[in-house]
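Secondary and tertiary structure notes
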Amino acid sequence: MGWPSFHCYWDCKSGLHFCLTGARGINAKAHSGDITTTTHIILPEVQGTSAGERLLLQALWAKATINGVFVGRNTTILLNVKAANFLLMGFKDITNKGEHLFKNEDALDPEWLPKNLPYRESQHKFIANCITPLLQGRNGRNCIISGAPGIGKTAAVKLVLKDLEENPDVNAPDIAVLYVNCWQNNSTYKIFAELCEQLGYKFTQNKNTEDLFKIVQNIVNKKSAVFAFDEVDKVEDVNFLYNIFTDILKKTILMITNYPQWYTEVDARIRSRLLPERIDFKQYNREELAGILKNRMEYAFIQGIWDDAAFNLIVDKVAPTGDIRMGLYLLRESGLAADEQSAKKITVEYAKCALSKVSDFSIKPESELSVDAKDILELIKSQGGKIGDLFRLYQEQGGVVTYKTFQRRVEELSEGGFIDAKKVVGGKDGTTTILSGKNKSLDEF
Ligand SMILES: Nc1ncnc2c1ncn2[C@@H]1O[C@H](COP(=O)(O)OP(=O)(O)OP(=O)(O)O)[C@@H](O)[C@H]1O
Ligand SMILES: [Mg+2]
């Protein structure tokens, strides 16, 4: 086994995370534990996956002779000796290999926004049309955007919003462009606090929900606004929709969800007002999927290093669900597997290696989870077991959410592919649910 390589990603709430990739196994896990528990990292101005990675690598390179403390440009990284040695080894490993396979690994990040979305032109237009009345000084239309995971809903909405921000119509009224992920911000209070932040109002502490909404209202009613609420079904109360609908004068509300039936259960007083348009994103067919992945591949990899047969293997795997995010994951894992062996081509062997790791893939990115969901995920990954036992442990460790909320989070984590959950009927405890991290077998518990 070669030295494990690593990459890091930046999460604005909890800082820089290390992710070990490449060689896997006991060694890599042990090192990963060392690094995450003993490493303090402050990278104040870094945004996005590989900027963080590059800075870290630069810092490591610049101070390659010092074990223990690294201080780079704008960067303070404190590592214990073992972790430092490990990272240096990982770094040397990266510099020796890989450079010639990846041209721009960022392009395989699911958050990376392409310049346009082939095969989604009509949906793009439909969403843009909901906003057009705002440009004419009128009230906009609302829309529910639905479809399976990884088929371009968020990307389509973000592209429309980006267009709006980057190409403002000078003759049209000013429009505030607001995007909220409701998995992270899963209550009316959190949504309003987030909207305040995005509108440039930072003093949200000690303010209640009503105060926060007044601030939003004051700012936004001087212009008009597009509100995009992604993963909207994850929100626990929908009062924000009512407030925005009744008290914001000119707006378009976009609601994105995997579960369009969610709306049928929304409070009737909201449904009778919002009257949204609906657009359903259909799954990509094999040809479309292959076209999209090929396009991404061209951004991410040096030309000509992919064997057609290896690429086709990945397309075959992804075609039944059409989940581009899974396709991107497999492209990256194949590249990393080839890297590890200093291969010059990505062949079927490496694609198969990526496919063997497909159980590590979670449908949703972990960075989108709310703080309490992340805590519960960590607990399940480290322990696993019966849901009741895990909840007791969670409480003992200072967890604050109620059992009902705990159950809801567990359902979300299972839906998002972060954990495995198996219902067991008629055991000695009656019916219970057994939970485990993705790599563990449920039979272990
Ligand atoms: N037509 C397309 N062209 C290029 N890239 C695409 C296309 N459709 C989806 N993608 C890419 O696939 C990835 C997943 O898309 P996106 O995040 O929009 O999925 P989603 O439908 O919002 O899924 P979820 O419901 O899980 O949130 C993104 O990296 C996106 O850029
Ligand atoms: Mg999405």
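Since the structure is predicted, the reported quantities are computational estimates derived from the model, not experimental observations. (Residues numbered from 1 in each chain as written. Chains lettered and ligands numbered in written order. Predicted model: local features only at pLDDT ≥ 70, side-chain atom pairs only at ≥ 80, totals over all residues.)

1. Things to note about the overall build of the protein chain
Spelled out, the test is: The secondary structure listing takes helices from DSSP runs of H or I that are at least 4 residues long and strands from runs of E that are at least 2 residues long, numbered from the N terminus. Put plainly, a residue is buried at 20 or more neighbouring C-beta atoms within 10 Å of its own, exposed at 12 or fewer, and partly exposed in between, counting only other residues' C-beta atoms, which are placed from the backbone. Throughout, a residue-residue contact means that the two C-beta atoms, derived from backbone geometry, are no farther apart than 7 Å.
Regarding its fold elements, the protein chain presents 16 helices and 13 strands. The proportion of buried residues among the 445 residues of the protein chain is 38%. Contacts spanning at least 24 positions in sequence make up 68% of the contacts within the protein chain whose residues lie at least 6 apart.

2. With respect to the site of ligand 1
For the record, the criterion: Near residues are defined by distance alone, with the backbone-placed C-beta atom required to lie within 6 Å of the molecule or strand. Side-chain classes follow a simple rule in which Ala, Val, Leu, Ile, Met, Phe, Trp, Tyr, Cys and Pro form the nonpolar group, Asp, Glu, Lys and Arg form the charged group, and the remainder, Gly included, forms the polar group. For the domains described, the bounds stem from an automatic or database domain assignment.
In the neighbourhood of ligand 1, 21 residues make up the surrounding shell, with Pro149, Gly152, Thr154, Ala155 and Ile324 lying closest. Looking at the shell around ligand 1, the elements with two or more residues in it are α5 (153–166) and α12 (324–340). For the shell around ligand 1, the residue count by class is 12 nonpolar, 5 polar and 4 charged. Per-domain counts for the shell around ligand 1 show at least three residues from each of domain 2 (121–280) and domain 3 (288–368).

3. Some thoughts on the environment of Ile145
In this structure, Ile145 sits in strand β6 (residues 143–146). Once the C-alpha coordinates of Ile145 and Asp280 are considered, the two residues, 135 residues apart in sequence, prove to be 5.9 Å apart. Not counting the four nearest positions on each side in its chain, Ile145 is found in contact with Ile127, Lys153, Val157, Leu254, Met255, Ile256, Ile279 and Phe281.

4. What to know about unusual backbone geometry
The backbone of Glu231 shows a phi angle near 50°, a positive value even though the residue is not glycine. With respect to the element layout, Glu231 can be found in the loop between β8 (224–230) and α8 (239–247). Phi is positive for Ser342, close to 50°, though the residue is something other than glycine. Position of Ser342 among the secondary structure elements: in the loop between α12 and α13 (348–355). On the basis of neighbour count, Ser342 is assigned to the partly exposed category, with 13 C-beta atoms found within 10 Å.

5. A look at the sheet that holds strand β9 (residues 251–257)
Basically, it comes down to this: Only strands that DSSP links by at least two bridges are regarded as paired with each other. Where helices are involved, their axes are fitted lines through C-alpha atoms of the stretch in contact, as for all axes, and angles between N-to-C directions lie from 0 to 180°.
The strand order across the open sheet formed by 5 strands is β7-β8-β9-β6-β10, and the pairing between neighbours is parallel. Strands with a single pairing partner mark the edges of an open sheet, and in this sheet they are β7 (175–181) and β10 (277–280). Strand-to-strand, the axes of this sheet are offset by a mean angle of 15°, without reference to chain direction.

6. Side note on the packing of helix α4 (residues 121–135) against α5
Two packed helices can be described by the angle between their axes and the distance between those axes. This is how it is decided: Our angle categories are set so that under 35 degrees counts as roughly parallel, over 145 as roughly antiparallel, 65 to 115 as roughly perpendicular, and the remainder as oblique. Two helices that cross are described as forming a left-handed crossing if the nearer one is turned anticlockwise from the farther one by less than a right angle, and a right-handed crossing if clockwise.
Put simply, α4 and α5 touch, their axes get as near as 9 Å, and they point 50° apart. Relative to α5, α4 is oriented oblique. Handedness of the α4/α5 crossing: right-handed. Residue-level inspection shows Gln123, His124, Ile127, Ala128 and Ile131 of α4 in contact with α5, the latter providing Ala156, Val157, Leu159, Val160 and Leu164.

7. Re helix α6 (residues 188–198)
Inspection of α6 places Thr188, Ile191, Phe192, Ala193, Glu194, Leu195 and Cys196 among the buried residues, and these make up the whole buried set. Looking at the buried residues of α6, the elements they touch are β7, α7 (209–220) and α8. Two residues or fewer past α6, Gly200 is found with a positive phi of approximately 90°.

8. Re α4
We count it as follows: The span one expects for a helix is its residue count, reduced by one, times 1.5 Å. We define the bend at any residue as the angle between the axes fitted to the seven residues before and including it, ending there, and the seven starting there.
In this model α4 runs 20 Å from its N-terminal to its C-terminal C-alpha over 15 residues, within 8% of the 21 Å that 1.5 Å per residue would give. Where α4 bends most, the angle comes to about 30°, and this point is Asn129, followed within four residues by the proline Pro133. Those residues of α4 that sit buried are Gln123, Ile127, Cys130, Ile131 and Leu134. In the core, the buried residues of α4 are packed alongside β6, α5, β7, β8, β9 and β10. Looking one or two residues past α4, Gly137 carries a phi angle of roughly 80°, positive in sign.

9. A short note on the confidence of the model for the protein chain
Rules: By definition, pLDDT measures how confident the predictor is in each residue, and it falls between 0 and 100.
Residues with a pLDDT of 70 or more make up 75% of the protein chain, whose mean pLDDT is 79. Of the regions scoring below 50 in pLDDT, residues 90–98 engages in 14 contacts with residues more than four places distant in sequence or in other chains.

10. What about the environment of Pro114?
With respect to the helices and strands, the residue Pro114 is situated in the loop between α3 (81–96) and α4. Looking at Pro114, the number of C-beta atoms within 10 Å reads 14, which means it is partly exposed. Along the chain, Pro114 and Ala155 lie 41 residues apart, while their C-alpha atoms are 8.2 Å from each other.

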